[in-house]
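# A structural walkthrough
Chain by chain, the residues:
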Amino acid sequence: MAAPVHRRLLRESRAARRHLALAGLLGVLGAGLIVGQAALLAYIIDRAALHRASLADLQAQLLALGAVLLARAAVDGGFELSGRLGASRVMSELRARLSRHLLLDSPAGHDGEERTGELAACAVQGVDALQAYFAGYLPQLVLAAFVPLAVLAWATSVDPLSAGILALTIPILILFMILIGKGARVQTRRRWRALSLLSAHFLDVVRGLPTLRAHRREAAQARILADVGERYRAETMATLRVAFLSALVLELCAMIGTALVAATIGVQLAGGYLSLTAGLTVLLLAPELYAPLRGVGQQFHASADGTAAAERIFAVLDRPLGIADAAAQEPAPAGARLAQRRVALARRLPDPAREPIRLDGVGFAYPHRKEPALDGVDLRLAPGQTTALVGTSGAGKSTVAKLLMRLADPTAGRVSCGGVDLRELDAELWRGQIAWVPQHARLFAGSVAENIRLGAPDASDERLQRAAAAAGALEFIEGLPHGMDTPLGEDARRLSAGQRQRIALARAFLRDARLLVLDEPTANLDEESARRIAGALTALTRGRTTLLIVHHALLAERADRVLRLEGGRLARPADGDELVDRRLLEEVA
Amino acid sequence: MKARQVRADVSAGARSLSALGRLSPGEGHRLALSVVLSAGAMAAAIGLLATSGYLISRAAQRPQILALMVAIVAVRAFGLARAALRYGERLSSHDLALRQLARLRVRFYGRLAGLLPGQLRRGSADLLARFVSDVDTLSDIYLRALIPTLAALAVITAASIAAWVILPGAGVAVLASLALAALVLPWLSAAVAARSGRRQATVRARLLGELVESIDGAQELVMCGRADERMARLRDTDAELARLGRSDALAGALATGLGGALTGAGLLGVLLVGIAAVRSGALSGVLLAALAFLFLAAYESVVPLPAAARSIRLCSAASRRLQEVCDTRAAVTDPSAPKTPSGAGELCAHGVRLRYGAGEPWVLDGLELRLARGDRVAVVDPSGAGKSTLAELLVRFRDPDEGRVTLDGVDAREITQEQLRRAVLLCGQDAHLFNTTIRENLLLARRDADERDLLAALREVELDGWVAGLPDGLDTFVGDDGELLSGGQRERIALARALLSDARFVILDEPTAHLDAQLARRVIANVLGHCEDRGILLITHDPQLAGDCQRILHVSEPTA
């Protein structure tokens, strides 16, 4: 076949198997109906034209023809229905796997690598595009497989000569489809690329309009836009002239085939070798023979968007997992056994507030980057103390935090607590002991209270108030229109960066965790907000093991120890217990 | 109620479509040519099938072979013509679409140019993407909507007349069933699409929002042990969407089935009329097959109409949105009799007041500013206090509600924007890097700058070493909106670009937000040193950076 099946998409769309099977069944049925319709129509015309049969004489045949036509309508509807349902099933399944992959299996794997919005839009809107594949292309493919067979079989039984001609044209047609299809596909891809480049260029220019105006280039750019458009048009038309040739050849094949068959039948009829019914049937079937083959080519392009959307999701799913979950590692332990295993793992769970956390020769490389983010890092977090990690951006500080929280596993060396490798622990249980305040705290759709309760959903109102007060957030929360119940998130971003950060701190207070990871909690804040938060942080870190990632002098001063990371390595050698002197700090800040 | 709403939408869309879709002269010919070719191709297909039907029926009467020759030749000619016409139609319609696309882009770009960034700013990334895709959609209108519709109209008319000539009753049957199909099917398909769009839109938007939030906030959700709960919520929303999808799929399938049923009814109608006519002697038997085949082939012209109707719906929605942009009058326009600034004075703001709408609080309230050559003034304030708005006033991306901005003592509204921006350059917080090379991005500021100038500017922002180390040096591509660079590199290239311009006054709006404090201080010191003879207004939230300036201006508390 000139246009191949998207194997992966079919293999992975287990949910749509039933719909696909139904489509196959409908394909067989549809092929039978096409032949039946042609035969009935031919018979009716034969009787009426040559034998002047009356309507009453043909009543049964006319009724049968009506039934066949209705059945064909039902089959067409069925194709569409099964295709749409199949597409929606497949997309639901892909979405579920995508969110599982990004949420549970590899939460840190996504980090700014691509535009989340675009990926999500792909997962939601892709279903429309996929419909073209399942409801348009696949049924066409099924028809293309069954209809020619049925047509040829029938034609052979009534007029072997015409059937022979038709049978001869098919391989020629397919040969041409393959020959031209190969070239045409390259051409078509180039054309789409050109068009999408053009569109991207336009978007680039539109987005840059303020900059263009600032530099007084907006008028010049309008001319460039016109020139580029004209150039692309000329180039595209040159490719199209060739690309459309394939359709021309296919069309010619089909048309000449039909014309040849018509002439052959005519000559045979005139010689009295054939009945009119047989001749008309074959003539009616000739276009039906080619239609699905040509349809496959047309639908293939329409379905390209859908397969592209699916491929985009596959690309994310194919990315290696960030962590290996100890509890889920063994082949699917079912309910009770999983729970047992969790209990067993919980018993081994070390307490980071009492036992030291060590990084031994830890290295980490992001899959898509050449340079490792961390390289041979040895580090010790003393229980109950605050360790500050300083260094320029890109030095690997946040990566250390990710490894500590098991949002990713090291690619070399090991991270352990109380001598137990974190990889041997259940990730969820381990994370349950940690509170994290990231650089850009994220607020979720929901009330202020819900946002603070993110890490402790069952906390009482009283504890909620205390946590907010400790974070220095209570004052501004009470100033909000509905206090703690004020909605936040997507459609209600009314908080400043400092206020968001204080909500994140309140989260950490309420969580009351054993290990604290603070990732530049005051970056992006003005002096005043930073000072206020610094005070709250001192209260928060008391008695907890804390990793403080920072380049702000104000905060690092409060740390028990300050370590410096540079290009993925600790700036001072080995055992990590060394105090960095204050002068270094000044330099960093 | 809903129907009226839909009708109102459609007619509003049609009005803006006709306003926007007006053809340029050359395009009119091309459109006509495409329609003729398209209708011709379909007519040839009808001719092929109808003639074949006649040929075979005639042959069954066992005439001399010679009597069949005309029909045999006609059948072949129709076949060849059909393929050739179709090829020509494809070329001409695609050419039209591409011309239309280029023209629409230039046109809408021109409209938009007067509105950005002053009038269409907040949350505009999506808006602009939408704008671009709307223009793309609109350029499809001929290819996908108008040509098939007009061609179908021509074919239906021609086929009905042909059938009428053979047998008047059959002509009526052909016209009735084709016209019915041509009206009902597109309407039904558009209605089904509109219904599912309306019902699914909110759930889709919710699912999209939840997905984005979950992916972006994955780490927080996981750390707080809320991931499973989130998965369950996503599943619920997904199931809701699937439920709506199923009922819409059923509606769509019914519409498709109805289309099939209509063809069947039409065919039966033609047969009934034809058979009765043959029986009564009004129709020669050899033409019965021709009539039936004519109908079947003519029906092909109706097949693309539902898709055309959906396309018209999309185009009218797109054109309505675009019309809004076109209807927005640019707030800032050049004066009819512009004055020329002397080139030797100061850039000043006198008693400037501005707010985003009537009744809203003043963003700037009585602002005074004087910037002479060699001046370094810093604007330091907590964010949201209108610093960026001040920057936009000074380059006239917007005008103040009260008070005035003057250059060399002349009101900015009395000189051309070209003149003003020649003297005053804004290097904004969101300075855009175009998807081309570093060199091209820098040359934007001064077309005639040579390699030495470019490298000198890069040296001031400490990027010279980095560029020298790149395999392609200045000819390195920066990616879409500079995505191949870090935020700091983007900012510094934008700064270097500002240094290259020969504006007398340079306004730097948060130029170093992504840089380390130390590097930011060095770069700003370099930039100030490099611009000794220019007036610099530095907008920043970092008081440390403002240290190098002679004066500090507070936007929120008006001072001289």
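Per chain, the residues get numbers from 1 upward, laid out in the order the sequence is written. Chains carry letters from A onward and ligands carry numbers from 1 onward, assigned in written order. Where totals are concerned, whole chains, interfaces and linings use all residues; where local detail is concerned, this predicted model gives features only for residues with pLDDT of at least 70, and gives and counts side-chain atom pairs only at 80 or more. To get the side-chain values, take all heavy atoms of the structure and skip hydrogens and water.

### Structural notes on the packing of aromatic side chains
Using the following cut-off: Pairing of aromatic rings covers Phe, Tyr and Trp, the last through its six-membered ring, and needs centres within 6.5 Å; plane angles under 30 degrees mean stacked, over 60 mean edge-to-face, and all others mean tilted. Three exposure classes are used, based on accessible area relative to the maximum for each residue type with a 1.4 Å probe and protein chains only: buried under 20%, partly exposed in between, and exposed over 50%. Secondary structure elements are taken from DSSP: a helix is a run of H or I of four residues or more, a strand is a run of E of two residues or more, and numbering for both begins at the N terminus. Comment: the charge-over-ring label is applied if NZ (Lys) or CZ (Arg) is within 6 Å of the ring centre and within 35 degrees of the ring normal.
Applying the stated criterion across every chain yields a total of 5 aromatic pairs over all chains. Ring geometry for tyrosine 133 of chain A and phenylalanine 134 of chain A: centres 5.4 Å apart, planes at 80 degrees, overall edge-to-face. With relative accessibility at 2%, the residue tyrosine 133 of chain A sits in the buried group. Taken together, a centroid distance of 6.3 Å and an interplanar angle of 35 degrees make the contact between phenylalanine 202 of chain A and phenylalanine 131 of chain B tilted. Taken as a pair, phenylalanine 202 of chain A in helix H5 (residues 160–207) and phenylalanine 131 of chain B in helix H4 (residues 124–139) lie in two separate chains rather than in one. For the pair formed by phenylalanine 202 of chain A and phenylalanine 131 of chain B, the shared burial category is buried. Ring pairing ties together the aromatic residues Tyr133, Phe134 and Tyr137 of chain A, which thus form one cluster. Above the face of the phenylalanine 314 of chain A ring, arginine 8 of chain A is positioned so that its terminal group lies 4.2 Å from the ring centre.

### Examining a nonpolar patch on the surface
Put simply, the rule is: Here, patches come from residues exposed beyond 30% relative accessible area and free of salt bridges, joined within 9 Å for like charges and within 5 Å for nonpolar side chains (Val, Leu, Ile, Met, Phe, Trp, Tyr). Surface exposure here means Shrake-Rupley accessible area, sampled with a 1.4 Å probe, where a residue is shielded only by the protein chains that are shown. When a carboxyl oxygen of Asp or Glu is within 4 Å of a side-chain nitrogen of Lys or Arg, the pair counts as a salt bridge.
A cluster of nonpolar side chains, namely Val267 of chain A together with Ile65, Leu66, Met69 and Val73 of chain B, defines an oily patch on the protein surface of about 440 Å² accessible area. When residues in the nonpolar patch are grouped by element, the largest group, 4 residues, is from helix H3 (residues 65–113) of chain B. The residue methionine 69 of chain B is located in helix H3 in this model.

### A look at helix H17 (residues 517–530) of chain B
Residue and element names in this part refer to chain B. To be explicit about the condition: Expected span, for any helix, means 1.5 Å times one less than how many residues it has. As used here, the arc is the angular range of directions from the helix axis to the C-beta atoms. Any pair of residues with heavy atoms lying within 4.5 Å of one another is described as a contacting pair.
Here H17 contains 14 residues, and its C-alpha end-to-end distance of 20 Å stays within 8% of the 20 Å for a straight helix at 1.5 Å per residue. Within the sequence span of H17, burial applies to Leu519, Ala520, Val523, Ile524, Val527 and Leu528. Projection of H17 onto a plane perpendicular to its axis shows the buried side chains occupying an angular sector of 160 degrees, all on one side. The secondary structure elements touched by the buried residues of H17 are strand S3 (376–380), helix H14 (451–460), helix H16 (487–500), strand S7 (505–509), strand S8 (535–540) and helix H18 (543–546).

### Comments concerning unusual backbone geometry
Residues and elements named next belong to chain B. At aspartate 408, a position not held by glycine, the phi torsion is positive, near 50 degrees. Within the secondary structure, aspartate 408 sits in the loop between strand S4 (402–407) and strand S5 (410–411). A residue is classified by how much of its surface remains accessible, and aspartate 408, at 14% relative accessible area, is buried. One non-glycine residue with positive phi stands out, namely glutamate 462, at about 60 degrees. The topology assignment puts glutamate 462 in the loop between H14 and helix H15 (464–469). Classification of glutamate 462 by relative accessible area gives partly exposed; the value is 29%.

### Let's talk about the interface of chain B and chain A
What counts here: As a working definition, buried area equals the accessible area (1.4 Å probe) given up by two parts on being put together, with both sides summed.
Each partner contributes to the interface: chain B provides 120 residues, whereas chain A provides 129 residues. Buried surface at the junction of chain B and chain A, both sides included, amounts to about 11,300 Å², of which 69% is carbon and sulfur. Among the residues of chain B in contact with chain A, Tyr109, Gln219 and Met223 of chain B are the three that bury the most area, contributing 8% of the side total. The interface formed by chain B and chain A contains 6 salt bridges.

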